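Okay, here's what each chain looks like letter by letter:
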Amino acid sequence: MIFLGRLGLVLFVALVSLRCLANGHGEEPSVTPPVKSEIAKPEQTTKPELKTETKPEAKLITKNESKVDKLESKSESEASKALKEAQAKRLYELFNKSFNRTQIAVFCLKDQDCYKPEDEVLKFSEINIKLLQKLEDLVAKNDIYAMYYRGLIAYERGLDYKDRASYIRDRDFISTANILNVYGNIQFRDARKYFQVPANAKHTEACKYLGEIYAKGYGVTRNPETAMGHFYCAALQYLKEGKNLNAELILKNMTETGIPNDARTVDIYAKIHGKAK
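This report concerns the structure included in the present document.

What counts as what
- Residues numbered from 1 in each chain as written.
- Predicted model: local features only at pLDDT ≥ 70, side-chain atom pairs only at ≥ 80, totals over all residues.
- Heavy atoms only, no water.
- Helix = DSSP H or I, 4+ residues; strand = E, 2+ residues; numbered from the N terminus.
- Axes fitted to C-alpha atoms, helices over the stretch in contact; angles between N-to-C directions.
- Parallel < 35°, antiparallel > 145°, perpendicular 65-115°, else oblique.
- Left-handed = near helix turned anticlockwise from the far one by under 90°.
- Nonpolar A, V, L, I, M, F, W, Y, C, P; charged D, E, K, R; others polar.
- Phe/Tyr/Trp six-rings, centres within 6.5 Å; stacked < 30°, edge-to-face > 60°.
- Buried < 20%, exposed > 50% of the residue type's maximum accessible area, 1.4 Å probe, protein only.
- Core = buried A, V, L, I, M, F, W, Y, C linked by side-chain atoms within 4.5 Å.
- Contact = heavy atoms within 4.5 Å.

### Quick notes on the environment of G229
Looking at the element boundaries, G229 is found in helix α7 (residues 224–240). Separated by 18 residues in the primary sequence, G229 and G211 have C-alpha atoms spaced 7.5 Å apart.

And the structure:
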């Protein structure tokens, strides 16, 4: 029994020694849990929104460019109007020249010394028709300048017929005078038709001639009120153009319409003499 007790003691001591040798120390090893190395994630930084501010210089340039564009557009529009007016005026002048040559050829028919007057009448009559057709083509395109000059041709031809009729005093030729007056009235009615659109657009001369047509009853029933409206339009436009003398002539026509103390007449008078409020 003593032997077994000693043997057990020896085995216990051996086990303790082996355990100490395995650890290298006399203390029990302390097991520390492995520390996980956390990798620091980079912070997400939100980029601030960049506000695009327009510099004052850029704003000024943009504003100036806009003004330049408007001016260029306006100048192109004015150039286009000037071109249309010049074209219509040229056709009007050519017609007058050709029409006068036709008149000379007609009178030349009575002169035996004239060279082929019939050919001259035919030639210039054909030219007149072609020139009128060119103006009519422009009128069809709503060209107010063509309308005005086409109306002016009709108006002047109406005056020509009327003047020629007024020279006839012999009773034997009264029928001729009546025919001339009829032709004149036809021309005046055409003139009124062509002048209407330009007058609505405040074309100075168109307003003036329409005023005369209604004031004197050329081809229409005399209408002082309508005449006054057109004269007022013409006078205002003349004043805007700095043509005070023309405005004074229109003022004279306004006073002769037979409408006393009309406010429009007073207004034009005040504007001409610098008394407008």
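Alright, that's what it looks like, and here's the rest.
### Looking at the packing of helix α4 (residues 144–166) against helix α5 (residues 174–200)
Running from amino to carboxyl end, α4 crosses α5 at an angle of 160 degrees, the nearest separation of the two axes being 7 Å. By the angle class used here, α4 and α5 are roughly antiparallel. At the point where α4 passes α5, the crossing takes the left-handed sense. Looking at side-chain class alone, the contact of α4 with α5 contains 18 nonpolar, 5 polar and 5 charged residues.

### Quick notes on the packing of aromatic side chains
Under the definition given, this model contains 11 aromatic pairs. Their ring planes at 40 degrees and their centres at 5.4 Å tell us that Y92 and Y149 sit as a pair that is tilted. Of this pair, Y92 sits in helix α2 (residues 56–108) while Y149 sits in helix α4, placing them 57 residues apart in sequence. Accessibility assignment for this pair places Y92 and Y149 in one class, buried.

### Brief notes about the nonpolar core
Among soluble globular proteins, nonpolar side chains are generally buried collectively. Within the largest apolar cluster, 47 residues are counted, with the highest numbers of intra-cluster contacts made by Y155, F195 and I213. Mapped by element, the contributors of at least two residues to this core are α2, α3 (117–140), α4, α5, α6 (204–216), α7, α8 (244–255) and α9 (263–272). The biggest single contributor to this core is α4, with 9 residues. Not counting the four nearest positions on each side in its chain, I213 is found in contact with Y155, F188, A191, R192, F195, Y218 and V220. In this structure, Y161, A165, I168 and L180 belong to the second largest nonpolar core, which totals 5 residues.

### Remarks on unusual backbone geometry
The phi dihedral of K202 falls on the positive side, at around 65 degrees, and the residue is not glycine. Position of K202 among the secondary structure elements: in the loop between α5 and α6. A relative accessible area of 49% means that K202 is categorised as partly exposed. Of note, the phi angle at N261 is positive, near 55 degrees, even though the residue is not glycine. By secondary structure assignment, the location of N261 is in the loop between α8 and α9.

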